[in-house]
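Architecture and fold: a report
Here are the chains, one letter per residue:
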Amino acid sequence: MIFTASCASPLGGIVLAADEIGLTGLWFTDAKYFGAGLPASAAEADTPILAEARRWLEGYFTGQRPAALPPLHPSGSPFRRAVWDILLTIPYGETTTYGAIAQQLAAQRGLEHLSAQAVGGAVGHNPISILIPCHRVIGADGSLTGYAGGIEKKRALLKLEHAKI
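Below, the structure is looked at part by part.

Re the nonpolar core
Ranked by size, the top nonpolar core spans 40 residues in total, and within it Ile14, Leu16, Leu23, Leu26, Leu57, Leu87 and Ile130 carry the most contacts. Those elements that provide at least two residues to this core are strand S1 (3-7), strand S2 (14-18), strand S3 (23-28), helix H1 (48-61), helix H2 (78-87), helix H3 (98-109) and helix H4 (116-124). Ranked by residues supplied to this core, first place goes to H1 with seven residues. Every residue in contact with Leu87, bar those within four places of it in the chain, is listed here: Ile101, Val123, Ile132, Pro133, Cys134 and Val137.

Topic: the packing of aromatic side chains
Counted by the stated rule, this structure contains four aromatic pairs. Measuring from ring centre to ring centre gives 6.1 Å for Trp27 and Phe34, while their planes differ by 70°; the resulting arrangement is edge-to-face. With a centroid separation of 5.3 Å and 80° between ring planes, the pair formed by Tyr60 and Phe61 is classed as edge-to-face. An identical accessibility class is assigned to Tyr60 and Phe61; each is buried. Feature note: the residues Trp56, Tyr60, Phe61 and Tyr92 constitute an aromatic cluster, connected by ring pairs. Across the ring face of Phe28, the terminal group of Lys153 is positioned such that the distance to the ring centre comes to 5.2 Å.

Quick word on the sheet that holds strand S4 (residues 43-44)
Here we have four strands laid out as an open sheet, ordered S3-S2-S1-S4, and mixed in their pairing. Each edge of the open sheet carries a strand with a single partner, namely S3 and S4. Here S2 runs beside S3; their pairing, made up of five bridges, is antiparallel. Note on S3: the bridge partner recorded for Ile14 is Phe28. The strands touched by H1 within the sheet are S1, S2 and S3, with S2 carrying the most contacts at an inclination of about 145°.

Rules used in this analysis
- Residues numbered from 1 in each chain as written.
- Predicted model: local features only at pLDDT ≥ 70, side-chain atom pairs only at ≥ 80, totals over all residues.
- Heavy atoms only, no water.
- Core = buried A, V, L, I, M, F, W, Y, C linked by side-chain atoms within 4.5 Å.
- Buried < 20%, exposed > 50% of the residue type's maximum accessible area, 1.4 Å probe, protein only.
- Helix = DSSP H or I, 4+ residues; strand = E, 2+ residues; numbered from the N terminus.
- Contact = heavy atoms within 4.5 Å.
- Phe/Tyr/Trp six-rings, centres within 6.5 Å; stacked < 30°, edge-to-face > 60°.
- Lys NZ or Arg CZ within 6 Å of the ring centre and 35° of its normal.
- Pairing = 2+ DSSP bridges.
- Axes fitted to C-alpha atoms, helices over the stretch in contact; angles between N-to-C directions.

Below is the structure:
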């Protein structure tokens, strides 16, 4: 069963989703892929995982560097999950590029090359925004590209983290 909860943020409304294992979704209400993968049977409730995610977000948006993530349980293909695992290694306040992620994933898989565009697709379909920090991925030229929540939100998240952009 998937449960949902809403919360406010300085950047707009957020909807959280979780199952009994962990957080399955976190979307800004105006995000491009809002609710992607959220089943119609999802019910609004206040579960311990959702409460923990809200506390994490409250700390994050007040400028605290959260120590530990709540349990995460994103659903996606093995390729997407591998990209999301790499996103989790990007330090708070730092950025990387789609190409760098492609190189890292290619090395992990013993490949000579992996498409940065394929990585971009996986980054763009990250179901747990902010906590799986897709906002920390930028273009090779340093441009802010491809954030499903909107470029202004991406800029605001990076500014909150004091990232050099």
